[in-house]
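So you can see what is in the structure, the chains are spelled out below.
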Amino acid sequence: MTKHSLLTNIEKTRLEMILLAHQFGYSNPHVVQCSQKLDLLLNDYSKKINMN
């Protein structure tokens, strides 16, 4: 996955998490799952940045 596509996915997932949190609350399992997905994407992006 390229840096650009990772950034796109990060932003998409971040917005999804915010919408879910507003709709269901922060402790909802869907929000937590989305947060975990965002964490993985951010970790992947950090690894790509640190490789250069």
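Anything mentioned here points back to the structure above.
These notes cover the structure that comes with them. Nothing here was measured: the structure is a model prediction, and the numbers come from that model.

Spanning 22 residues, helix α1 (residues 3–24) covers 31 Å between terminal C-alpha atoms, matching the ideal 32 Å at 1.5 Å per step. For α1, every residue scored as buried is listed here: Leu6, Ile10, Thr13, Met17, Leu20 and Ala21. Along the axis of α1, the buried residues cluster in a sector spanning 100°; they form a single face. Facing away from the buried surface of α1 by more than 90 degrees, the exposed residues are His4, Lys12, Leu19, His22 and Gln23.

Along the chain, Val32 turns up in helix α2 (residues 29–51). Of the residues examined, Val32 reaches a relative accessible area of 36% and is grouped as partly exposed. Along the primary structure Val32 and Thr8 are separated by 24 residues, whereas in three dimensions their C-alpha atoms are 20 Å apart. Discounting chain neighbours no more than four positions away, the residues touching Val32 are Tyr26 and Ser27.

On to the nonpolar core, then. Leu6, Ile10, Met17, Leu20, Ala21, Val31, Cys34, Leu38 and Leu41 form the largest nonpolar core, which has 9 residues in total. Contributing elements (two or more residues each) for this core: α1 and α2. A total of 5 residues in this core trace back to one element, the largest contributor, which is α1. When near neighbours in sequence (up to four residues on either side) are disregarded, Ile10 contacts Leu38, Leu41, Leu42 and Tyr45.

Before going further, it helps to examine the pattern of salt bridges. Pairs can form between side chains of opposite charge whenever their charged atoms are close. Counted by the stated rule, this structure contains 1 salt bridge. Across the pair Arg14 and Glu11 runs a salt bridge whose closest N-O atoms are separated by 2.7 Å. Residue Arg14 and its partner Glu11 are located together in helix α1, separated by 3 residues, close to a single helical turn. Judged by its relative accessible area of 34%, Arg14 falls in the partly exposed class.

Thresholds, definitions, all that
Residues numbered from 1 in each chain as written. Predicted model: local features only at pLDDT ≥ 70, side-chain atom pairs only at ≥ 80, totals over all residues. Heavy atoms only, no water. Helix = DSSP H or I, 4+ residues; strand = E, 2+ residues; numbered from the N terminus. Expected span 1.5 Å × (residues − 1). Buried < 20%, exposed > 50% of the residue type's maximum accessible area, 1.4 Å probe, protein only. Arc of directions from axis to C-beta. Contact = heavy atoms within 4.5 Å. Core = buried A, V, L, I, M, F, W, Y, C linked by side-chain atoms within 4.5 Å. Salt bridge = Lys/Arg side-chain N within 4 Å of Asp/Glu carboxyl O.

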